[in-house]
Amino acid sequence: MKLTRALEKRVDVNKASLYAIIINLVQILSAIGLVLFLLLDPGAHLTVLNETLVISLTVLCTFGAAMDIKEAWSLRRMTVKMHGLHETVEQMNELNIALRTQRHDFLNHLQVVYSLMEMEEYGEARSYIEQVYGDIQSLSRQMKTACAPVNALLRAKTAESRQRGVDLQVQVSGSWQDLPLPGWEMCRVLSNLIDNAMDALEGQKDGCIRVSVGEDIRAFSFEVENNGPRIGDEILDLIFEPGISQKGEGRGMGLHIARETLRSVGGDLTVVSDENRTVFSGFVPRHREQSEQKR
């Protein structure tokens, strides 16, 4: 993983593959233009053998360039997936930290209850247990979907938001049973949006994020809303393009990957932003075939 990141820093794969595609397209167009010029120019007295040779060389040149374009395009797609895998690994590390934090909190709760019982403060112990139990039940009701990875992610992000001083509210009004894409890919989408929202609220005292998960007869849907600063029009229009970011150089792939992940199953991701809130809304259709027929 570290070696891959080091190589990516030395070589911008996206730029290199884009240049390869452009150069080979120019090569194909130049070869075709040269053949047309030689064949259609009355002054170019070519024999049948020469014409055959020129056409053969052009076909070979065009075929080779087309194969290079295909490989360059595949490389770009692989790069996007690699970025996605990097984000997934980071999310799993965050989840591991969150679970360890929850285990630590649970041990603290047990110690408090044990101490209260030792001091024979049974009423206080009961009240403490009821409060902790109520918090756990409330969290479970909010985050109970049929997708275990999504549940784990929301729990981890809730714990992280508390550490960062952000109020994360989760509303679940759908089970998300039988999502048309793997749970880890949906986690990658949601994690990126929630992380961006927390970054936008950095240093804001009343920072609040609302994550809503729903569904209807046609699609699974979600929203990630925050009350942070408005996204400027110059960024908003290009926010899903690769490399566009307000976080500095070398960033800006997350939103592009998130949208492409949803679009790969017929869904989409959109954003609206004003002075009061920024909302990212996404959906994936229940049946991909129906979505493609509507198009």
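Residues numbered from 1 in each chain as written. Predicted model: local features only at pLDDT ≥ 70, side-chain atom pairs only at ≥ 80, totals over all residues. Heavy atoms only, no water.

### Thoughts on the overall build of the protein chain
Phase 1: Helix and strand content of the protein chain: 9 helices and 5 strands.
Phase 2: Along the chain direction, N to C, the helices and strands of the protein chain fall in the order α-α-α-α-α-β-α-β-β-α-α-β-β-α.
Phase 3: Here the protein chain, with 295 residues, has 35% of them falling under the buried criterion.
Phase 4: Sequence separation of 24 or more characterises 68% of the internal contacts of the protein chain that already satisfy a separation of 6 or more.
Phase 5: Entry remark: accessible area of the protein chain is about 18500 Å², with carbon and sulfur atoms responsible for 57%. (Helix = DSSP H or I, 4+ residues; strand = E, 2+ residues; numbered from the N terminus. Buried < 20%, exposed > 50% of the residue type's maximum accessible area, 1.4 Å probe, protein only. Contact = heavy atoms within 4.5 Å. Areas by Shrake-Rupley, 256 points an atom, 1.4 Å probe, with all protein chains shown as cover.)

### Considering the sheet that holds strand S2 (residues 208-215)
Phase 1: In space, the 5 strands of this open sheet follow the order S1-S2-S3-S5-S4, with mixed pairing throughout. One side of each edge strand has no neighbouring strand; the edge strands of this open sheet are strand S1 (167-172) and strand S4 (268-273). The mean angle between the axes of side-by-side strands here comes to 10 degrees, regardless of whether they run parallel or antiparallel.
Phase 2: Examined bridge by bridge, S2 and strand S3 (residues 219-226) share 7 bridges and lie antiparallel to one another. Bridge pairing in S3 links Arg-210 to Glu-225.
Phase 3: Its contacts with the sheet put helix H5 (residues 148-163) on S1 and S2, and the angle it makes with S1 is roughly 155 degrees.
Phase 4: Helix-sheet contacts for helix H6 (residues 183-200) involve S2, S3, S4 and strand S5 (278-285), and the interaxial angle to S3 is about 15 degrees. (Pairing = 2+ DSSP bridges. Axes fitted to C-alpha atoms, helices over the stretch in contact; angles between N-to-C directions.)

### Digging into H6
Because an α-helix completes one turn every 3.6 residues, residues spaced three or four positions apart along the sequence face the same direction.
Phase 1: With 18 residues, H6 should cover 26 Å at 1.5 Å per step; its first-to-last C-alpha distance of 26 Å lies within 8% of that length.
Phase 2: Extensive coverage of H6 is indicated by the burial of 15 of its 18 residues. (Expected span 1.5 Å × (residues − 1).)

### Re the pairing of S1
Phase 1: Two elements, S1 and S2, share 6 bridges in a ladder whose sense is parallel. Residue Val-172 lies in a different strand from S2, and its bridge partner there is Val-213.
Phase 2: After leaving S1, the chain enters H6 and then returns to the sheet as S2, a path that is left-handed. (Right-handed = clockwise from strand over helix to strand, strands pointing away.)

### Looking at the packing of aromatic side chains
Phase 1: A full pass over the atoms with the stated rule returns 2 aromatic pairs.
Phase 2: With a centroid separation of 6.4 Å and 70 degrees between ring planes, the pair formed by Trp-176 and Phe-222 is classed as edge-to-face. Here the residue Trp-176 occupies a position in the loop between S1 and H6, and Phe-222 occupies one in strand S3, the gap between them amounting to 46 residues. Like Trp-176, the residue Phe-222 is buried in the burial classification.
Phase 3: Ring geometry for Phe-240 against Phe-280: centres 6.3 Å apart, planes inclined by 85 degrees, an arrangement best described as edge-to-face. (Phe/Tyr/Trp six-rings, centres within 6.5 Å; stacked < 30°, edge-to-face > 60°.)

### Re the pairing of S3
Phase 1: A large share of S3 lies buried, amounting to 6 of its 8 residues.
Phase 2: Across 8 bridges, the pairing between S3 and S5 is antiparallel. What sits directly across from Ser-221, in S5, is Phe-283.

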